[in-house]
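# Residue-level structure breakdown
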Amino acid sequence: MSGIIAQNTLDSSGLIKAQAGGGAWNFIKKLTASASSDLSFVDGTSDVVLDSTYKEYIFTFNNIHSDRTFDVAYSLDFQFNMSIDSGSNYNVTKTTTIFRSQHSEAGGDASLAYQTDKDLAQSTAFQALGLYVGTESDNSSSGYLHLFNPSSDVFVKHFICTLNSVYSNNFNREYFIAGYGNTTSAVDAVQFKFTADEIDAGDICLYGLTT
Amino acid sequence: MTGIISDNVGRTSGLIKAASGGGGGVWTKIKTLTASADATLDFVDGSDDVTLDSTYPIYVFKFINIHAATDTAIFSFQGNASGGSGYNETITSTYFESYHQENDADSSLTYNTSGDQGQGTAFQNLSQQGLGVADGTEDDMCLNGELWLFGLSSTTFVKHFISSINYNDKSASVYSNNTFVSGYFNTTSAIDEIQFKMSADEIDSGKIKLYGLKDSA
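Attention here is on the structure that accompanies the text.

What counts and what doesn't
Residues numbered from 1 in each chain as written. Chains lettered and ligands numbered in written order. Predicted model: local features only at pLDDT ≥ 70, side-chain atom pairs only at ≥ 80, totals over all residues. Heavy atoms only, no water. Helix = DSSP H or I, 4+ residues; strand = E, 2+ residues; numbered from the N terminus. Areas by Shrake-Rupley, 256 points an atom, 1.4 Å probe, with all protein chains shown as cover. Buried < 20%, exposed > 50% of the residue type's maximum accessible area, 1.4 Å probe, protein only. Contact = heavy atoms within 4.5 Å. Pairing = 2+ DSSP bridges. Core = buried A, V, L, I, M, F, W, Y, C linked by side-chain atoms within 4.5 Å.

### With respect to the overall build of chain A
Each helix and strand counted, chain A has one helix and 13 strands in total. Ordered by position from N to C terminus, the α and β elements of chain A give α-β-β-β-β-β-β-β-β-β-β-β-β-β. Only carbon and sulfur atoms are counted for the fraction: they give 47% of the accessible area of chain A, which is about 8,200 Å².

### Some remarks on the overall build of chain B
In terms of helices and strands, chain B carries one helix and 13 strands. Starting at the N terminus and walking to the C terminus, you meet the elements of chain B as α-β-β-β-β-β-β-β-β-β-β-β-β-β. For chain B, buried positions account for 55% of its 217 residues. Excluding contacts between residues fewer than 6 apart, the proportion of contacts in chain B whose partners are at least 24 apart in sequence is 74%. Element-wise, carbon and sulfur atoms account for 41% of the exposed surface of chain B, whose accessible area totals about 8,300 Å².

### What about unusual backbone geometry?
Although it is not a glycine, Ala35 of chain A sits at a positive phi angle of roughly 50 degrees. Within the element layout of this structure, Ala35 of chain A appears in the loop between β2 (25-32) and β3 (39-42). Even without a glycine there, the phi angle at Asp104 of chain B is positive, about 70 degrees. In this structure, Asp104 of chain B sits in the loop between β6 (91-101) and β7 (107-111).

### Comments concerning the sheet that holds strand β8 (residues 124-125) of chain B
Residue and element names in this part refer to chain B. With antiparallel pairing, four strands are arranged side by side in an open sheet as β3-β12-β5-β8. Each edge of the open sheet is held by one strand with a lone partner, namely β3 (40-44) and β8. Bridging between strand β5 (residues 75-81) and β8 involves two bridges; their strand directions are antiparallel. Across the sheet, the residue bridging to Ser76 is Asn125, located in β8.

### Describing the nonpolar core
Among the nonpolar cores identified, the biggest contains 39 residues, and Phe59, Phe61, Phe78, Leu129, Leu145 and Phe192 of chain A are the most heavily contacted of them. Leaving out residues up to four positions away in the same chain, Leu129 of chain A has contacts with Phe61, Phe78, Gln79, Phe80, Leu145, Cys161, Leu163, Tyr175, Ile177 and Phe192 of chain A. Among the nonpolar cores identified, the runner-up in size contains 35 residues, and Tyr59, Ala68, Tyr95 and Phe185 of chain B belong to it.

Printed below as a string of structure tokens:
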């Protein structure tokens, strides 16, 4: 490697050397939880871009944690919703699917199952991404969510999510969630939160994919 | 915008225009290891140009045409905690797969209890047997996919991993197997070494690439 390409290696602005894969991912925003009631990405706010700039957006979840007191009867869910009014309301109508694999630390209860109680059919409720999440000090959830073409005024808004989580009774659970916001209005904000209490720790990063 | 920058807008290789606000290319290729009848392929932080620490919050391994030296081999991985000895961290994991045979005789979506672990310290299976064949009849069989690792440097949380792989499994007729393996290293120690190997014999050929994902511009 020589000449102008070599001269631009490691640059981060102007002309840069393309990363493997073409450098299609573009970092947009990182939100770090600290006893936060929610983490919200609103286009045009705090340097967030969530518009027609990119046809696909990806959120990464790194060690999302709740320190809520454990309650075996309560499904503490990590969840999300979309907004078409810049975050004034997170209530986009959704139809979704959710299934998961699970296995306990004790070596039992291995299964693969559809989660009929957590999918949505034309509902404006928040969509669960992780269920009964563990709240012990080292418990967390990590994964990623793809949101496709949120700015379209023609099509519904598809999303696909994979999340790995420590389930509350010391299980590993991997969740697969997909669905669509059944709206032809542009989605311009996305919010993540737990069903109760705060997001104690963890971060969510937003990336846009150059296509 | 004029001149050479304008000329390079829209390119995806060579010189490209950085993303708005800088930060073009949040994926950093860290290391490629190419197998050639290797017992293991090891990625060790600080060795041989490998970074596997707090530099990146998320690391991704890409598996490209991984081929085994024997048809009973299982492709697997383990981690070693910083300051520890041996690839033997405690893992709880799940393993399920879809599969379909070339002769259309068999297909399914099923949980596979032989691939998971409950607080085990064994190598974590990413495939089942049949990955490669050394008998000369199916030398084109291989494995491709990826493994995501989250927060490896954390000293607070467990270390999650998520993998999706497609591979060939030879029986009376060759299968296409799509595996979904996830879990966590149940340790609050940082993990800074990852090893890949076959359950029997060597990794005959193939590449494993390690990337880091930036969480800043």
